[in-house]
Amino acid sequence: MPASQTTVPTTSASRYLQQLCKHWSHKFAVEFTPQHGTIPFDATRVCTLDASPDRLALRIEAVDDATLERMQGVVIEHLKRFAFREDLGNVQWVKAA
């Protein structure tokens, strides 16, 4: 499956990780701790999150490039909503191995 990843500098990484995971846990079988989360949107789309004291790392895997690109937008849009108090800047995704 195609995959992409990004790292967002923030001192609120764990809080955002937990907010994103709780938000989607009402629809999906989300698993998370304060440092790591997995959001399985379905069998063809998965988002993995890892929080450290100064960054939030995100990885998305999807069935094809179009779905991957759409999911990148969905995840970042939700993240920026939760992080409205800080400017996360222009988030750049890169292809992952």
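Residues numbered from 1 in each chain as written. Predicted model: local features only at pLDDT ≥ 70, side-chain atom pairs only at ≥ 80, totals over all residues. Heavy atoms only, no water.

S.K.: Sorry if this is basic, but what is going on with the environment of R85 here?
M.R.: The residue R85 is located in the loop between helix 2 (65-82) and strand 6 (94-95) in this model. Judged by relative accessible area, R85 falls into the exposed class, the value being 67%. A C-alpha to C-alpha distance of 12 Å links R85 and Y16, two positions 69 residues apart in sequence. (Helix = DSSP H or I, 4+ residues; strand = E, 2+ residues; numbered from the N terminus. Buried < 20%, exposed > 50% of the residue type's maximum accessible area, 1.4 Å probe, protein only.)

S.K.: What am I meant to see in helix 1 (residues 13-24) here?
M.R.: The periodicity of an α-helix, 3.6 residues per turn, causes residues three or four places apart in sequence to face the same way. Taking 1.5 Å as the rise per residue, helix 1 with 12 residues should run 16 Å; its terminal C-alpha atoms sit 17 Å apart, in good agreement. By the burial criterion, the buried members of helix 1 are A13, Y16, L17, L20, C21 and W24. Looking straight down helix 1, one finds its buried side chains confined to an arc of 130°; they lie on one side. The elements touched by buried residues of helix 1 are strand 2 (31-32), strand 3 (36-42), strand 4 (45-52), strand 5 (55-62) and helix 2. (Expected span 1.5 Å × (residues − 1). Arc of directions from axis to C-beta. Contact = heavy atoms within 4.5 Å.)

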